[in-house]
Amino acid sequence: MRTRIKICGITRLEDALAAVALGVDALGFNFWAQSKRHVAPDVAGQIVRRLPPFVTTVGVFVNAMRFEIFNVAGEARMQAIQLHGDEPVGECSQYSFPVLYRLRAGEAWDEAALARSQATAFLLDTPSPAQGGAGVPFDWSLARPEIAGKPVILAGGLTPENVGEAVRRVRPYGVDVASGVESSPGVKDHEKLARFVEAVRRADAEEER
Ligand SMILES: O=C(O)c1ccccc1NCC(=O)[C@H](O)[C@H](O)COP(=O)(O)O
């Protein structure tokens, strides 16, 4: 299976186009005002208008009101949303968008509630006071390819140097990275992006052999 790749914290068109040229599957746009990677909805919308088809745009929200999510996701042309705060998992059913629901690694989950939920996938991240984007990996033995029958997107401190090992060990549906491919918050380093994608593809190819 090809591991899907989401690059999170896109704020600039050139970074979005560089990631897409490398074949990534999804781009994350952070609409939480306190994030170092915050992007205004109109700026995100202008970036999205310049993307080729078949790239999933994901709006990242932290404890936002439903009407705000609908308005922002609409204006910025998001195709999916990521709930990355303290939202209950039942909140996923309130949206017509596919929803990535953040789980904190190491916390006790109510697997039955997760299985019943309308989450499309679980983004498994390092617990962090900054909510996300902290660049700190967690113990991957806490991760699995699926949780409650839904795909897992592995996040938290992934870098070009460690992502191959993470993919080999966890075999997640996808991987997600923000800080590990940056030169500064919100500014992607295109060389790190290329090495990240290559490391994932190398790990995929090893599994196929
Ligand atoms: O990236 C942020 O600044 C951020 C802030 C608040 C909530 C979520 C945030 N990012 C969401 C992501 O999906 C990140 O890619 C994920 O947390 C992993 O980040 P990193 O450890 O920097 O790769």
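The preceding data block contains the structure.
Treat the numbers as computed from the prediction; the structure is a model and nothing was measured. (Residues numbered from 1 in each chain as written. Predicted model: local features only at pLDDT ≥ 70, side-chain atom pairs only at ≥ 80, totals over all residues. Heavy atoms only, no water.)

A.B. asks: Give me the pairing of strand β2 (residues 26-30): which residues, what numbers.
C.D. replies: Of all the 5 residues making up β2, 5 are buried; the element is thus mostly covered by neighbouring parts of the structure. Residues A26, G28 and N30 line one face of β2 and the alternating positions L27 and F29 line the opposite face, and both faces are buried. Sheet topology note: the strand β1 (residues 4-7)/β2 ladder contains 2 bridges and is parallel. Of the residues in β2, the one forming a bridge with I7 is L27. Between the parallel elements β1 and β2, the chain passes through helix α1 (residues 13-21) in a crossover that is right-handed. Bridge count for β2 against strand β3 (residues 56-61) is 5 bridges, and the pairing is parallel. Counterpart to G28 in the pairing with β3 is V58. (Buried < 20%, exposed > 50% of the residue type's maximum accessible area, 1.4 Å probe, protein only. Helix = DSSP H or I, 4+ residues; strand = E, 2+ residues; numbered from the N terminus. Pairing = 2+ DSSP bridges. Right-handed = clockwise from strand over helix to strand, strands pointing away.)

A.B. asks: Describe the site of the ligand, listing the residues and the values that go with them.
C.D. replies: Among the 23 residues in the neighbourhood of the ligand, the closest are listed as S35, D125, G157, D176 and S179. A distance of 2.7 Å is found between an oxygen atom of the ligand and a side-chain nitrogen or oxygen belonging to S35. Take S179: an N or O atom from its side chain is 2.5 Å from an oxygen atom of the ligand. Taken by itself the ligand offers 510 Å² of open surface, and the protein chains cover 99% of this. Among the residues making up the shell around the ligand, the classes are represented as 8 nonpolar, 11 polar and 4 charged. (Near = heavy atom within 4 Å. Polar contact = N/O pair within 3.5 Å; in protein donor to acceptor, adjacent residues only side chain to side chain. Areas by Shrake-Rupley, 256 points an atom, 1.4 Å probe, with all protein chains shown as cover. Nonpolar A, V, L, I, M, F, W, Y, C, P; charged D, E, K, R; others polar.)

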